[in-house]
Amino acid sequence: MTVAQFRKIATRLPEAVESSHMGHPDFRVRGKVFASLGYPDAGWGMVKLTPEQQALCLEAEPAMFAPAKGAWGKAGATCVQLKAAKAKPLTAVLAAAWRNTAPNALVKAFDEENP
């Protein structure tokens, strides 16, 4: 997985836009961050999951995912090793992070358009 591929998958989600925070590209829906690139370094991305979602990712793809350090990681922030990332699981994880962040009405509209 490349940075460009991560970016393309993230920005395909409804109302997702690329921005930046603390020198890192991030991806937002209605102003709230659901993913970023460059953390902890250039070979990684990050997705905002629930702790339960994070645990499933760590179990299913341990080479691809790692919890972020500290309280962020305990809250579900999950790092993605881009070199090990595969398109299908990353697409699902980015969609989950988007769903966790997007307003309920937007998620519902997306679900109705994509049964």
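Nothing here was measured: the structure is a model prediction, and the numbers come from that model. (Residues numbered from 1 in each chain as written. Predicted model: local features only at pLDDT ≥ 70, side-chain atom pairs only at ≥ 80, totals over all residues. Heavy atoms only, no water.)

Draft legend 1. Examining helix H4 (residues 87-101) more closely. Taking 1.5 Å per residue, 15 residues should reach 21 Å; H4 reaches 21 Å between its end C-alpha atoms and fits that length. Those residues of H4 that sit buried are Leu 90, Val 93, Leu 94, Ala 96, Ala 97, Trp 98 and Thr 101. (Helix = DSSP H or I, 4+ residues; strand = E, 2+ residues; numbered from the N terminus. Expected span 1.5 Å × (residues − 1). Buried < 20%, exposed > 50% of the residue type's maximum accessible area, 1.4 Å probe, protein only.)

Draft legend 2. The pattern of salt bridges, seen in detail. On inspection of all chains with the given rule, the structure shows 5 salt bridges. A salt bridge links Arg 30 to Glu 15; the nearest nitrogen and oxygen atoms lie 2.8 Å apart. Placement of the pair is Arg 30 in the loop between strand E2 (24-29) and strand E3 (32-37) and Glu 15 in the loop between helix H1 (3-11) and strand E1 (16-21), with a sequence separation of 15 residues. Judged by its relative accessible area of 42%, Glu 15 falls in the partly exposed class. A salt bridge links Arg 28 to Asp 26, with the shortest nitrogen-to-oxygen separation between them at 2.9 Å. Across this residue pair, the class does not change: Arg 28 and Asp 26 are buried. (Salt bridge = Lys/Arg side-chain N within 4 Å of Asp/Glu carboxyl O.)

Draft legend 3. The arrangement of the sheet that holds strand E4 (residues 44-48) in detail. If you walk across this open sheet you meet the 6 strands as E1-E2-E3-E4-E6-E5, and the pairing is antiparallel. Single-partner strands in this sheet number two, and they are E1 and strand E5 (65-67). Strand-to-strand twist in this sheet, taken as the mean axis angle between neighbours without regard to direction, amounts to 30°. In the packing of H1 onto the sheet, the strands contacted are E1, E2, E3 and E4, and the crossing angle to E3 comes to about 165°. (Pairing = 2+ DSSP bridges. Axes fitted to C-alpha atoms, helices over the stretch in contact; angles between N-to-C directions. Contact = heavy atoms within 4.5 Å.)

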